[in-house]
Amino acid sequence: MFQEERLISIVEYLKSNKRITVDLICELYDVSRDTARRDMVKLEEQGTIVRTRGGAILPTLSKEVGDYDQRLQAESSSKLTIGKTAAALVQDGDYIMMDASTTVLHAATLLSSKQNIVVTSSIEIAAILTRKDETTIHILGGVLDNKHHSVYGAKAIEMLNDYHVDKLLIGTCGITEEGLSAPNEEDCYLVRAMMQHADQVIVLADHSKFGKRLFHRVVGFERIDILVTDQALSPEMKEKLLACDVEIVLAGGEDQDD
């Protein structure tokens with residue numbers, strides 16, 4: 001077996017088994033310890049693995065987050081389904097808050113309720129809501145993030161002190177058993193502040209977000225009321241959420257609370 005074939009096989013093994021050792025590489029591929037070590041060095045140089053004492057694991061930290069258009073295209077059908085389900089949770093006359101998530105954008109697009117008051121950090125969501133009659137829009141001020149089409153910073157957080165809403169709809173870049181995570185601290189600060197000014201927190205997360213951990217932890221599950229997703233969760237994830245009294249809603253289906 002050529003090295004490139006072996007490297008691919010090692011990565012596939014890690015996806016299923018979490019960890020591999022030098023000795024196991026020698027056994028599986030009938031190579032010397034020196035060859036096994038060279039394979040791991042090569043994979044580490046590619047950023048594919050993280051070497052540990054006597055072996056290797058896949059990286060647990062997700063570092064790349066696309067720009068707005070890239071995020072909008074990713075898992076678009078799943079986001080549309082989740083957005084439709086989330087939009088149905090909003091009632092006539094609700095005061096709601098929305099972050100700049102592309103999944104929340106779909107919820108905003110599909111809102112059929114009337115006479116809503118909406119506070120948002122997203123210039124895209126604000127633009128979409130201008131087409132809906134009887135909707136009043138409050139857009140947060142602050143620094144405009146050109147990459148993610150959203151407003152952030154101290155001014156945005158300060159403005160939140162003037163509002164309180166019935167429901168908050170947010171997305172997430174990553175969700176593990178430890179909670180929600182984001183790529184930068186500004187996102188964390190704004191979302192945490194939004195949660196302080198909402199009676200109910202609704203998280204929208206498609207299946208691709210599960211198992212991803214990013215640099216900054218936003219909150220644990222104890223701050224969430226409802227999770228809307230598109231696929232059944234692992235038993236471990238479901239147990240963690242239910243232990244925190246999070247209602248799990250499968251988009252297009254029944255809830256997963258039983």
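One can find the structure itself at the top, above this paragraph.
Residues numbered from 1 in each chain as written. Predicted model: local features only at pLDDT ≥ 70, side-chain atom pairs only at ≥ 80, totals over all residues. Heavy atoms only, no water.

Peer 1: When you look at the sheet that holds strand β2 (residues 50–52) in this model, what are you seeing that I'm missing?
Peer 2: Paired through their backbone hydrogen bonds, the strands of a sheet run either parallel or antiparallel. As summarised here, the arrangement of the three strands in space is β1-β3-β2, forming an open sheet in which the pairing is antiparallel. The open sheet has two edge strands, β1 (19–21) and β2, and neither has a second partner. Recorded for the sheet is a direction-independent mean angle of 30 degrees between the axes of neighbouring strands. Inspection of the sheet shows β2 paired to strand β3 (residues 55–57) by three bridges, in the antiparallel sense. Across the sheet, T52 pairs through a bridge with G55, a residue of β3. Across the sheet, helix α1 (residues 3–17) is in contact with β1 and β3; its angle to β1 comes to roughly 130 degrees. (Pairing = 2+ DSSP bridges. Helix = DSSP H or I, 4+ residues; strand = E, 2+ residues; numbered from the N terminus. Axes fitted to C-alpha atoms, helices over the stretch in contact; angles between N-to-C directions. Contact = heavy atoms within 4.5 Å.)

Peer 1: Help me understand the pattern of salt bridges in this model?
Peer 2: Side-chain pairs of opposite charge can arise whenever the charged atoms involved come near each other. A complete count under the given rule lists eight salt bridges for this structure. Ionic pairing is found between K15 and E12, a salt bridge with its closest N-O pair at 3.3 Å. Of this pair, K15 and E12 both sit in helix α1, separated by three residues, roughly a single helical turn. Given the relative accessible area of 42%, E12 is considered partly exposed. Of the charged contacts in the structure, one is a salt bridge between E44 and R51, with a shortest N-O distance of 2.9 Å. Note on E44: relative accessible area 32%, which makes it partly exposed. (Salt bridge = Lys/Arg side-chain N within 4 Å of Asp/Glu carboxyl O. Buried < 20%, exposed > 50% of the residue type's maximum accessible area, 1.4 Å probe, protein only.)

Peer 1: Before we go on, may I ask you to explain the pairing of strand β5 (residues 117–120) in this structure?
Peer 2: Put simply, side chains in a regular strand alternate between the two faces of the sheet. Alternating positions in β5 separate into two faces, I117 and V119 on one and V118 and T120 on the other, with burial throughout. Sheet topology note: the strand β4 (residues 95–98)/β5 ladder contains four bridges and is parallel. Looking across to β5, one finds that M98 is bridged to T120. Where the polypeptide runs from β4 across helix α6 (residues 102–109) and back to β5, its parallel neighbour, the crossover connection is right-handed. Across four bridges, β5 lies against strand β6 (residues 136–139) in parallel orientation. Across the sheet, residue V119 finds its bridge partner in β6, namely H138. On the question of chirality, the crossover connecting β5 to the parallel β6 by way of helix α7 (residues 123–129) is right-handed. (Right-handed = clockwise from strand over helix to strand, strands pointing away.)

Peer 1: Looking at this structure, I do not really get the packing of α1 against helix α2 (residues 22–29). What am I missing?
Peer 2: Packed helix pairs are specified by the crossing angle of their axes together with the interaxial distance, meaning the distance between the axes. Where α1 contacts α2, the axes come no closer than 12 Å and their chain directions differ by 120 degrees. Taken together, α1 and α2 sit at an angle that is classed as oblique. For the pair α1 and α2, the crossing hand works out as right-handed. Between α1 and α2, the contacting residues are R6, S9, I10 and Y13 on the first element and L24, I25, L28 and Y29 on the second. (Parallel < 35°, antiparallel > 145°, perpendicular 65-115°, else oblique. Left-handed = near helix turned anticlockwise from the far one by under 90°.)

Peer 1: Whenever I open this one, the state of the cysteines confuses me. Can you help?
Peer 2: Linking two cysteines covalently via their sulfur atoms produces the bond known as a disulfide. Tallied over the entire structure, the rule returns zero disulfides. We note that C244 lacks a disulfide partner, and the nearest cysteine sulfur, in C188, lies 18 Å from it. Judged by its relative accessible area of 28%, C244 falls in the partly exposed class. (Disulfide = S-S within 2.5 Å.)

Peer 1: What am I meant to see in the side chain of N116 here?
Peer 2: Structurally, N116 can be placed in the loop between α6 and β5. Judged by its relative accessible area of 1%, N116 is buried. Here the side chain of N116 touches D94 through a polar contact of 3.1 Å, landing on its backbone oxygen. Setting aside its immediate chain neighbours within four residues, N116 contacts V90, Q91, D92, G93, D94, E134, T135 and T136. (Polar contact = N/O pair within 3.5 Å; in protein donor to acceptor, adjacent residues only side chain to side chain.)

Peer 1: Hey, could you run me through α2 in this one?
Peer 2: Residue pairs spaced three or four apart in an α-helix point in one direction, given the helix's 3.6 residues per turn. Along α2, the residues classified as buried are V22, L24, I25, C26 and Y29. Once α2 ends, the next one or two residues include D30, with phi positive near 55 degrees.

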